[in-house]
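Report on the structure
So the chains spell out like this:
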Amino acid sequence: LGFSAGLPCYDTFRELFPGAQWIGDGKTVVIEWQGQPMAFNFEALIDVSSNAIVGSEVTDTEDEAAVLAALSHARFTTGGEPLCVTLDRKPSNHTAEVISAVAPAELLASIKARPTAKAPIEGCFGLFSQTAPPLVVNGATPREQARSALKLYILGWSWARNRRPRRRLGGRTPIDAYQASRPTDQQVAEAKAWIAELKRREEMSRLTLEAKADPVRRQLLEAAFQDLCIADSDNHLA
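Residues numbered from 1 in each chain as written. Predicted model: local features only at pLDDT ≥ 70, side-chain atom pairs only at ≥ 80, totals over all residues. Heavy atoms only, no water.

1. Thoughts on the pattern of salt bridges
In plain terms, the rule: We define a salt bridge as a side-chain nitrogen of Lys or Arg found within 4 Å of a carboxyl oxygen belonging to Asp or Glu. When a residue's accessible area, from a 1.4 Å probe over protein chains only, is under 20% of the maximum for its type it is buried; when over 50% it is exposed; and in between it is partly exposed. Helix and strand assignments follow DSSP, with helices taken as H or I runs no shorter than four residues and strands as E runs no shorter than two, numbered in order from the N terminus.
Inspection of the entire model under this criterion finds nine salt bridges. Salt-bridge contacts for arginine 75 lead to glutamate 81; the nearest nitrogen and oxygen are separated by 2.7 Å. The class for arginine 75 is partly exposed, based on a relative accessible area of 22%. Here glutamate 81 falls in the partly exposed class, since its relative accessible area comes to 42%. Residue arginine 206 pairs with glutamate 203 through a salt bridge whose shortest N-O separation is 2.4 Å. With arginine 206 and glutamate 203 both in helix α6 (residues 185-213), this residue pair falls three residues apart, about one helical turn. The exposure class of arginine 206 is partly exposed, given its relative accessible area of 36%. With relative accessibility at 34%, the residue glutamate 203 sits in the partly exposed group.

2. Some thoughts on unusual backbone geometry
Residues alanine 103 and proline 104 are joined by a peptide bond in cis, for which omega reads 15°. A positive phi angle, near 60°, is found at cysteine 229, a position not held by glycine. You can see cysteine 229 is positioned in the segment after α7 (215-227).

3. A word on the nonpolar core
Short version of the rule: What we call a nonpolar core is a set of buried Ala, Val, Leu, Ile, Met, Phe, Trp, Tyr and Cys residues that are connected through their side-chain atoms within 4.5 Å. In this description, contact between two residues means that some pair of their heavy atoms is separated by no more than 4.5 Å.
One finds Leu45, Val85, Leu87 and Val102 to be the most contacted residues of the largest nonpolar core, which totals 13 residues. Taken together, the elements giving at least two residues each to this core come down to α1 (64-78), β4 (84-87) and α2 (96-102). With four residues, the single largest contributor to this core is α1. Setting aside chain neighbours within four positions, we find leucine 45 in contact with Trp22, Ile23, Gly24, Ala52, Ile53, Val54, Gly55, Ala70, Leu71, Ala74, Val85 and Leu87. Membership of the second largest hydrophobic core comes to nine residues, among which are Phe42, Ala44, Val48 and Phe125.

4. A look at the pairing of β4
Note the following rule: Any two strands with at least two DSSP-identified bridges between them are counted as paired. Here the term right-handed applies to a crossover when the path leading from its first strand over the helix to its second strand runs clockwise, the strands being oriented away from the viewer.
Here β4 shows a buried face lined by Cys84 and Thr86 and a second buried face lined by Val85 and Leu87. Two strands pair when backbone bridges link them, and strand β1 (residues 21-33) and β4 are joined in this way by three bridges, in the parallel orientation. By the bridge assignment, isoleucine 23 is partnered in β4 with threonine 86. One ladder, built from four bridges, connects β4 with strand β5 (residues 106-109); its direction is parallel. In the sheet register, threonine 86 faces β5, and the bridge partner there is leucine 108. Once you follow β4 into α2 and on to β5, the crossover reads as right-handed.

This is the structure in structure tokens:
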């Protein structure tokens, strides 16, 4: 579970259940805005058992305020309290305000200079570094900047969506399913035949629509409806 009251723990984590233990840490993230690199602190809390990021915040520095904000966000997203929160030994992580904010959960300190003591959150940050798109916001006008920022948001959302397991894919993620696909020659031939059929149907539909829009035919139909006293005020039948 971490390190508390001067007593060391095991090098590996004992996973209890979701909500039992949250682990928090900060990571410096640099984003380029209009050609100027800007560094921020990405503060995050991860649940050990579910591996879910339960709370996060972006601040100027890794400090007490960052921890308090991430804790507040984690409570909001989970709607509950953990049994304990593990943070590293930075003084800003163990102030009276942080201890009070964590309560009634226990505040534990991770073992110094031992990466395994924060393995879940370190792994999370490592994955973020590997998968996040280049954090660059360009644009001379507010609209161009907004479009660039929106592109980053959509890219991040797409990364997360593509890595979410799907029941219809047998528990695999869309990325797993795509990369593992090895269609046979027969499957490829059947797919091409079906695509050709779809193309044929599309062409038939296009010809039908063109015929319906032919002005001469429309005039003939409208005249025939009038002769037969068939109401078609909105030209729906025609």
